[in-house]
Amino acid sequence: MMRVLLQCMLLITFALVAHAEENAPSVPSHKSAASEYKMGPGDEIRIIVLAEKDLTLDFILSDAGTISYPFLGEIRVRGLTVSELEKIISKRLSEGFIVDPVVNVQIAKYRQFFINGEVREPGGYPYQPGLTVHMAVALAGGFTERAARRSIVVIHEDDPSHEPQDIDLNDRVQPGDIVLVEESFF
């Protein structure tokens, strides 16, 4: 009798769990900006291999977007995300160097973006995740008196055509972008 009662309770529990899983609200998956960030020349990264102090190193990506890592040689990093690089290094280290390596890659410093034209202090500034055109203008000291606040263009580093595109103050700026605030004629 007790056994039958226990089996019934288990069946009810499994049915309730299955029902809860079916009716649970779906939560959209959001990747952080840093997890989608594609590394490029000028980025400073830190590679940490747990329990391997000699393999924890800092790098500045070369113009070719590569690093020279101990035991592994030249690794092309340009265009990779942090998690992709972690997987590559972990896989290659496990092929004869370390058993089950735990690799962590961090971006220590992002490469610069550039802002020119009618801003008080044009030049290159360190990128920050979530950077908007409005924030970029603020970093550059604000608009000049002649700035055409509604006439701003960007040339994206990763755009092979390098064609200027109109952007708004709330649009995102990416590392390597060139933002140009044009002059107003009125």
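The preceding data block contains the structure.
My aim in this report is to walk through the structure given alongside it, one point at a time.

Some details on the environment of G123
Looking at the element boundaries, G123 is found in strand β7 (residues 123-126). If we ignore the near neighbours within four places in the chain, the residues touching G123 are F113, F114, I115 and N116.

Description of helix α3 (residues 82-94)
Given a rise of 1.5 Å per residue, 13 residues ought to cover 18 Å, and the 18 Å separating the end C-alpha atoms of α3 matches this to within 8%. The complete set of buried residues in α3 reads V82, L85, E86, I89 and L93. The buried residues of α3 occupy an angular sector of 105° when the element is viewed end-on, so they sit on one face. Seen from the buried face of α3, the exposed residues on the opposite side, beyond 90 degrees, are K87 and K91. Where the residues of α3 are buried, they touch β1 (44-49), β3 (66-69), β4 (73-76) and β5 (103-109). Just downstream of α3, G96 is the residue with a positive phi angle, here 115°.

Some details on the nonpolar core
Of all hydrophobic cores here, the largest spans 41 residues; its most connected members are M39, I47, Y69, L85, I89, L93 and I115. Mapped onto this core, the elements with two or more residues apiece are β1, β3, α3, β5, β6 (112-117), α4 (133-139), β8 (147-155) and β10 (178-183). Counting residues per element, this core draws most heavily on α3, which supplies four residues. Setting aside chain neighbours within four positions, we find L85 in contact with M39, I45, I47, I75, V77, L80 and V105.

Cut-offs applied
- Residues numbered from 1 in each chain as written.
- Predicted model: local features only at pLDDT ≥ 70, side-chain atom pairs only at ≥ 80, totals over all residues.
- Heavy atoms only, no water.
- Helix = DSSP H or I, 4+ residues; strand = E, 2+ residues; numbered from the N terminus.
- Contact = heavy atoms within 4.5 Å.
- Expected span 1.5 Å × (residues − 1).
- Buried < 20%, exposed > 50% of the residue type's maximum accessible area, 1.4 Å probe, protein only.
- Arc of directions from axis to C-beta.
- Core = buried A, V, L, I, M, F, W, Y, C linked by side-chain atoms within 4.5 Å.

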